[in-house]
Amino acid sequence: MANLSERVPDDTEMDAMITPRNVKSAETLQHRRQVKRRLEDFLEQAQLRKAIGDDDFF
């Protein structure tokens, strides 16, 4: 019977998995991160405005 156990990859393995293989992939990854960051900032601002009662935002 096989004994399988889950293993958490270390930082080096994680970097190898997420490091883009070419320039185009790197640019795409960078763009996605920027878009995600802007979206998170927008949502945070919306939550703050809603929390203080500024519902005219939407």
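Residues numbered from 1 in each chain as written. Predicted model: local features only at pLDDT ≥ 70, side-chain atom pairs only at ≥ 80, totals over all residues. Heavy atoms only, no water.

### Side note on the pattern of salt bridges
Thought 1: Applying the stated criterion across every chain yields a total of 1 salt bridge.
Thought 2: When the shortest N-O distance is used, the salt bridge between Lys36 and Glu40 registers 4.0 Å. With Lys36 and Glu40 both in helix H2 (residues 23–51) and 4 residues apart, the pair spans about one turn of that helix.
Thought 3: Under the relative-accessibility criterion, Glu40 is labelled partly exposed at 43%. (Salt bridge = Lys/Arg side-chain N within 4 Å of Asp/Glu carboxyl O. Helix = DSSP H or I, 4+ residues; strand = E, 2+ residues; numbered from the N terminus. Buried < 20%, exposed > 50% of the residue type's maximum accessible area, 1.4 Å probe, protein only.)

### Considerations on H2
Thought 1: Taking 1.5 Å per residue, 29 residues should reach 42 Å; H2 reaches 42 Å between its end C-alpha atoms and fits that length.
Thought 2: Downstream of H2 by one or two residues, Gly53 has phi in the positive range, about 90 degrees. (Expected span 1.5 Å × (residues − 1).)

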